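# Results of the structural survey
One-letter residues, chain by chain:
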Amino acid sequence: MSEPLLQAVNLECERDDRVLFRGLSFSILPGTLIRVEGPNGSGKTTLLRILAGLNDSYSGDLLWRGKNRHGFREEFLRNMLYLGHRPGIKPLLTPMENLRALMDGRRPVPDKILWQALEGTGLGGFQTVPCRNLSAGQQRRVALARLLIADEPLWILDEVFTAIDIQGVGALERLLVERVENGGAIVVTTHHDLRLPSMQRVTLGGGDGHGY
Amino acid sequence: MATEPVIGLRSPDLSVGTVTAMKAVFVRDLKTAFRQPQDLLNPLLFFVMVVTLFPLGVSPEVSFLQQAGSGILWVAALLSVLLSLDHLYRHDFDDGTLEQLVLQPQPLFLLVLAKSLAHWVLTGLPLVLLTPVLGIMVHMEGNSVVVLCLTLLIGTPVLSLIGSIGAALTLGLRSAGVLLSLLIIPLYIPVLIFGTGTVTAAAEGAPVEAQLALMGAFLVLALTLAPFASAAALRISLSNS
């Protein structure tokens with residue numbers, strides 16, 4: 001058994017005087033996909049933001065490779081990729097410029113690879129069109145192009161299938177499966193009916209969340 | 001696990017250095033701004049309008065303008081920087097690039113510093129470049145114009161840096177404008193007083209080295225402390241969103 005990348009221990013989060021989850025504990029192991037489930041407003045996005053380190057309003061512990069995450073900010077962020085509701089794409093820039101700006105903060109990637117990644121997400125021919133002229137689905141695809149070239153072992157993906165067409169969803173599912181088989185760890189929320197082998201679930205909602 | 005993981009942890013050597021990451025943030029901000037020139041021209045136009053309207057509204061007399069010129073220019077510059085502050089993080093917040101910025105492995109305060117510098121290059125620096133023309137327009141003397149430009153050159157980065165704290169703090173609020181001004185104006189007042197004081201002293205022929213050094217101290221203080229405060233404020237704003 002390999003060591004968990006990230007462990008949630010007794011997580012509790014309250015929002016507007018309402019307990020979203022309490023006593024939530026689970027481990028994110030390499031080579032697993034965890035699907036966070038629950039009805040709208042049950043705190044899926046909040047949980048993912050907490051896991052990613054964007055939200056600090058929780059109690060409980062988050063352990064990065066067995067140690068409290070606070071001391072390992074740089075290492076944690078280097079090894080984690082987060083895609084949120086808002087895709088992080090600037091409408092005024094082209095897909096190439098957007099991807100370049102996002103990757104420049106993480107690791108050096110030659111232009112050719114970025115170009116191919118955009119082709120790989122079905123944006124061939126749109127690489128130099130300003131993103132505001134693209135559809136919502138195409139803009140999401142710009143963000144998804146990151147997944148094709150990402151080497152971070154932990155992915156945290158919020159509503160990743162939103163606005164993507166059927167072929168795109170199929171391709172993305174295959175990417176996730178392949179990723180997990182190669183030892184990547186993935187946490188997703190989605191309303192899409194995702195069925196992958198070796199998928200674990202963390203269910204939120206109804207006051208007491210319990211995961212495994 | 002049946003198989004040994006193929007995807008391992010990333011080695012630190014593969015990461016991007018802080019300076020490269022800062023440059024990337026800076027370049028992206030500049031690029032985005034030049035694609036939307038009206039946001040860039042707005043504060044500049046405001047600056048020019050205030051300075052041109054003042055003589056029409058109050059008095060076009062040379063003696064009055066000579067005396068009040070530095071004050072008018074400084075106040076106009078200060079307000080036009082204030083006007084542009086709301087955009088500093090707002091667009092990034094709305095499209096999600098701010099989240100990605102906070103999640104970059106480099107120290108956040110340095111990335112914030114890069115953003116503040118980009119803001120200054122886009123707003124403060126053009127104001128400084130316009131100042132000689134407007135200074136002559138309000139009948140200021142050559143020497144005073146030079147000193148005025150110097151004080152603005154030192155002072156406007158301070159305005160951007162302090163303003164960045166306020167912009168970051170009010171990010172999550174819907175009507176941030178008023179609160180932003182209330183938070184920031186008190187912190188701008190010392191810069192304004194010393195800025196105009198230096199020009200007045202220069203006009204009277206007094207030495208201004210001491211005042212300029214003091215303004216330099218403001219700048220150093222803002223450069224070293226404001227990015228930390230902005231970074232912390234950004235974290236809080238994102239945490240509550």
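Residues numbered from 1 in each chain as written. Chains lettered and ligands numbered in written order. Predicted model: local features only at pLDDT ≥ 70, side-chain atom pairs only at ≥ 80, totals over all residues.

On to the overall build of chain A, then. Helix and strand counts for chain A come out as six helices and nine strands. By the compact-globule yardstick of 17 Å for 212 residues, chain A fits well, its C-alpha radius of gyration being 17 Å. Dimensions along the principal axes, computed over C-alpha positions, put chain A at roughly 50 × 35 × 30 Å. The buried share among the 212 residues of chain A stands at 44%. The long-range share in chain A, meaning contacts at least 24 apart out of those at least 6 apart in sequence, stands at 70%. (Helix = DSSP H or I, 4+ residues; strand = E, 2+ residues; numbered from the N terminus. Rg over C-alpha atoms; globule rule 2.2 N^0.38 Å. Buried ≥ 20, exposed ≤ 12 C-beta atoms within 10 Å, placed from the backbone. Contact = placed C-beta atoms within 7 Å.)

Below, the discussion takes up the overall build of chain B. When helices and strands are tallied, chain B shows nine helices and zero strands. Reading the helices (α) and strands (β) of chain B from amino to carboxyl end gives α-α-α-α-α-α-α-α-α. In chain B, the share of contacts with a sequence separation of at least 24, taken over all contacts with a separation of at least 6, comes to 81%.

Glancing now at the sheet that holds strand E2 (residues 18-28) of chain A. Residues and elements named next belong to chain A. The sheet built from four strands is open, its strands ordered E2-E1-E4-E5 with antiparallel pairing. Two strands close off the open sheet at either side, each with one partner strand: E2 and strand E5 (67-68). With respect to the sheet, helix H1 (residues 44-52) is in contact with strand E1 (6-15) and E2, its orientation differing from that of E1 by roughly 130 degrees. (Pairing = 2+ DSSP bridges. Axes fitted to C-alpha atoms, helices over the stretch in contact; angles between N-to-C directions.)

Moving on: the pairing of strand E4 (residues 59-64) of chain A. All names here are of chain A. Strand direction decides the pairing type here: E1 and E4, joined by five bridges, are antiparallel. By the bridge assignment, Glu12 is partnered in E4 with Ser59. Here E4 pairs with E5 via two bridges, running antiparallel. Within the sheet, the bridge partner assigned to Leu63 lies in E5 and is Asn68. Hairpin connection from E4 to E5: two residues lie between these consecutive antiparallel strands, with Arg65 at a positive phi of about 50 degrees.

Turning next to the nonpolar core. Ranked by size, the top nonpolar core spans 126 residues in total, and within it Ile156, Ile186 and Val187 of chain A together with Ala77 and Ile162 of chain B carry the most contacts. Counting residues per element, this core draws most heavily on helix H7 (residues 142-169) of chain B, which supplies 13 residues. Leave out the neighbours within four places in its chain, and Ile156 of chain A touches Leu48, Leu51, Ala52, Met80, Tyr82 and Val187 of chain A. (Core = buried A, V, L, I, M, F, W, Y, C linked by C-beta atoms within 7 Å.)

Looking now at unusual backbone geometry. All names here are of chain A. With a phi angle near 60 degrees, Asp17 is a residue other than glycine that sits in the positive phi range. The topology assignment puts Asp17 in the loop between E1 and E2. Its identity is not glycine, yet Ala163 carries a phi of approximately 65 degrees, on the positive side. Counting through the fold element by element, Ala163 comes out in the loop between strand E7 (154-158) and helix H6 (166-181).

Turning our eyes to something else, we now look at the confidence of the model for chain B. Residue and element names in this part refer to chain B. Taken as a whole, chain B shows an average pLDDT of 92; of its residues, 98% reach a score of 70 or greater. In this model residues 1-5 is a low-confidence stretch, pLDDT under 50, and it forms seven contacts with partners more than four residues away in sequence or in other chains. Across the predicted assembly, pTM comes out at 0.91 and ipTM at 0.90. (pLDDT = per-residue confidence, 0-100.)

Turning our eyes to something else, we now look at the interface of chain A and chain B. One frequent convention defines the size of an interface as the accessible area lost when the parts assemble. The partner chain B presents 31 residues to the 38 residues of chain A that form the contact. Looking at the side of chain A that touches chain B, the elements that each hand over two or more residues are helix H2 (73-78) and helix H3 (95-104) of chain A. It is H3 of chain A that provides the largest number of residues to the side of chain A that touches chain B, a total of four residues.

Here the focus is the packing of H7 of chain B against helix H8 (residues 176-203) of chain B. Residue and element names in this part refer to chain B. For the pair H7 and H8, interaxial distance at closest approach is 9 Å and the crossing angle is 170 degrees. What the angle tells us is that H7 and H8 run roughly antiparallel. Split into classes, the residues belonging to the contact of H7 with H8 amount to 16 nonpolar, eight polar and no charged. (Parallel < 35°, antiparallel > 145°, perpendicular 65-115°, else oblique. Nonpolar A, V, L, I, M, F, W, Y, C, P; charged D, E, K, R; others polar.)

Another aspect to go through is the sheet that holds E7 of chain A. All names here are of chain A. The strand order across the open sheet formed by five strands is E6-E7-E8-E3-E9, and the pairing between neighbours is parallel. Each of the sheet's edge strands pairs with one partner strand only, and the pair in question is strand E6 (80-83) and strand E9 (199-203). The average angle at which neighbouring strand axes cross in this sheet is 15 degrees, direction not considered. Relative to strand E8 (residues 185-189), strand E3 (residues 33-37) is paired through four bridges, and the arrangement is parallel. Opposite Arg35, over in E8, you have Val188 as the bridge partner.

Attention shifts here to the packing of helix H3 (residues 62-85) of chain B against H8 of chain B. Residue and element names in this part refer to chain B. Running from amino to carboxyl end, H3 crosses H8 at an angle of 150 degrees, the nearest separation of the two axes being 10 Å. Our classification of the angle between H3 and H8 gives roughly antiparallel. Crossing hand, H3 versus H8: right-handed. Together, Ser70, Gly71, Trp74, Leu78, Leu82 and Leu85 of H3 and Leu180, Ser181, Ile184, Tyr188, Leu192, Gly195, Thr196, Val199 and Thr200 of H8 make up the contact between the two elements. In terms of residue class, the contact of H3 with H8 is made up of nine nonpolar, six polar and no charged. (Left-handed = near helix turned anticlockwise from the far one by under 90°.)

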